[in-house]
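What follows is the residue order along each chain.
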2 protein chains.
Amino acid sequence: MKEKIELINHLKSLLPKCGRMQVKTFQKGDNVMTYLAKRNQICVVLNGVVDLVRYDASGSKAIVERYRENDLFGEAFHPVVTNNELFVVAKEKSEILQFIYDDLEEKCNKNCKTHTVLYNDLLKLTILKTIDQNIRIELLTKTTIREKLLFYFSYLSINNYGKEFTIPFSFTDLSDYFNVDRSALMRELKHLSSEGFIERNGKYIKLLY
Amino acid sequence: MKEKIELINHLKSLLPKCGRMQVKTFQKGDNVMTYLAKRNQICVVLNGVVDLVRYDASGSKAIVERYRENDLFGEAFHPVVTNNELFVVAKEKSEILQFIYDDLEEKCNKNCKTHTVLYNDLLKLTILKTIDQNIRIELLTKTTIREKLLFYFSYLSINNYGKEFTIPFSFTDLSDYFNVDRSALMRELKHLSSEGFIERNGKYIKLLY
DNA sequence: GGTTGTCTGTTGCAATTGCAACATTTCTGC
DNA sequence: GCAGAAATGTTGCAATTGCAACAGACAACC
């Protein structure tokens, strides 16, 4: 994760040399995507939280993904392939670094060295993004809520949190991420407690296995 | 999609100039990943089909992902972050292009131009991979099987197949991709038929809405 | 040509989950 | 410090889904 931050900083220092790049600040509720022509746009969250939101035919709202500090998003990764309406909305005040991928190629052919480094950075960041996505996919492909929870706990546990940790999200956010009903998630947590798999106090979890 | 094939071919032509690269042939059932040191390995399927397989604690097998021609996979995208056992197994005879990402940086610093192009290719391919992943995630976050089917139909429909098309996978594979029970998927297809949303004959589908 | 294996198609039943509705607690802004 | 909003926690009930267990169609292989 430290690597990711270094990469972002590196990127920030390089992009001015490459031409097109801008940092914009969005207030809570602002629509993020419409501010630039929608042509292979790439965005980086410098700070804040933005949601990728879907409105179904029925008009109901669902959070497809949530991007936080140092996350990548944008049309380049999310082209319109279905008749779903996708929007990116700032969940809180957020600073976003934006540029258009195609511009990188067209513009600064003068400075090849910079380009090599730039592409390398972007590649690494994109790979880090696919890693996050893979984890999410593996979690989503667990059949039961219990399996999802145990997978997620195992993930937290291995990433240097040990057998005890505090869940870094709200349960509301977590149920979104798991794509399950929040009350069903709470219920399953209770079952895991009563069956002796975990000890829980709010977001504090202790694995007993 | 044509772009993807061009990129792969381009990559194949470039990599020899960059040093470390190999093409290996695997027979059905072979384990693919163990053939190279597991350090930021990147693989490209030249032809054939390979499965990313997970074995749970209970020993049951699940296909997490399936990679086909021109798909990228490898440790670089799938580091070990949980206590799950992941394997990559050839589903049929397959040719795989393999190289180690870190080598790209260490080795050919002599030829900067090639590197720029190489990184650019890899970046584009990786972005194409994230697009596939995003589609899968959006599909997986649909709550009901019906919604998943309609989303998938809409995807097929928009990608130049029109209102009539033939599903390019077996229903067994499709239920894996949807992460739902196959019989439940068949049942929902029947409901969609009887309620007049679709007309179906085997894998041929006609949308009536 | 027959055998074996995979894929399709169907159904009953049990289980998990989503939904709705509510009370309680915590957080946030003024 | 208060008011309103957001998050947590709980429960009953209905609905969707997974599971198991089939039978038949199709394909591959010797």
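Residues numbered from 1 in each chain as written. Chains lettered and ligands numbered in written order. Predicted model: local features only at pLDDT ≥ 70, side-chain atom pairs only at ≥ 80, totals over all residues. Heavy atoms only, no water.

### Here we look at the protein's contact with DNA strand C
Here is step 1: If you check the shell around DNA strand C, you find 20 residues, and the closest are T144(A), I145(A), D181(A), M186(B) and K190(B).
Here is step 2: Put simply, 50% of the atoms of DNA strand C that lie within 4 Å of the protein are in sugar or phosphate.
Here is step 3: In this structure, a base nitrogen belonging to DNA strand C sits 3.0 Å away from a side-chain N or O atom of R182(B).
Here is step 4: Contact between DNA strand C and R200(B): a phosphate oxygen at 3.0 Å from a side-chain N or O atom of the residue. (Near = heavy atom within 4 Å. Polar contact = N/O pair within 3.5 Å; in protein donor to acceptor, adjacent residues only side chain to side chain.)

### Remarks on the environment of T166(A)
All names here are of chain A.
Here is step 1: Along the chain, T166 turns up in strand 8 (residues 164–166).
Here is step 2: Once the C-alpha coordinates of T166 and I8 are considered, the two residues, 158 residues apart in sequence, prove to be 27 Å apart.
Here is step 3: Ignoring anything within four residues of it in the chain, the contact list for T166 reads K203 and Y204. (Helix = DSSP H or I, 4+ residues; strand = E, 2+ residues; numbered from the N terminus. Contact = heavy atoms within 4.5 Å.)

### As for the pattern of salt bridges
Here is step 1: Enumeration according to the criterion identifies 10 salt bridges over all chains in this entry.
Here is step 2: With its nearest N and O atoms 3.9 Å apart, the salt bridge here joins R68(A) to D173(A). A residue pair is termed long-range when its members are at least 10 positions apart, and R68(A) in the loop between strand 4 (61–67) and strand 5 (72–73) and D173(A) in helix 5 (residues 171–178) qualify at 105 residues.
Here is step 3: Judged by relative accessible area, which is 29%, R68(A) ranks as partly exposed.
Here is step 4: A salt bridge links D51(B) to R66(B); the shortest N-O distance between them is 2.6 Å. Linking D51(B) in strand 3 (residues 50–55) with R66(B) in strand 4 (residues 61–67), this pair joins segments that are 15 residues apart in sequence. (Salt bridge = Lys/Arg side-chain N within 4 Å of Asp/Glu carboxyl O. Buried < 20%, exposed > 50% of the residue type's maximum accessible area, 1.4 Å probe, protein only.)

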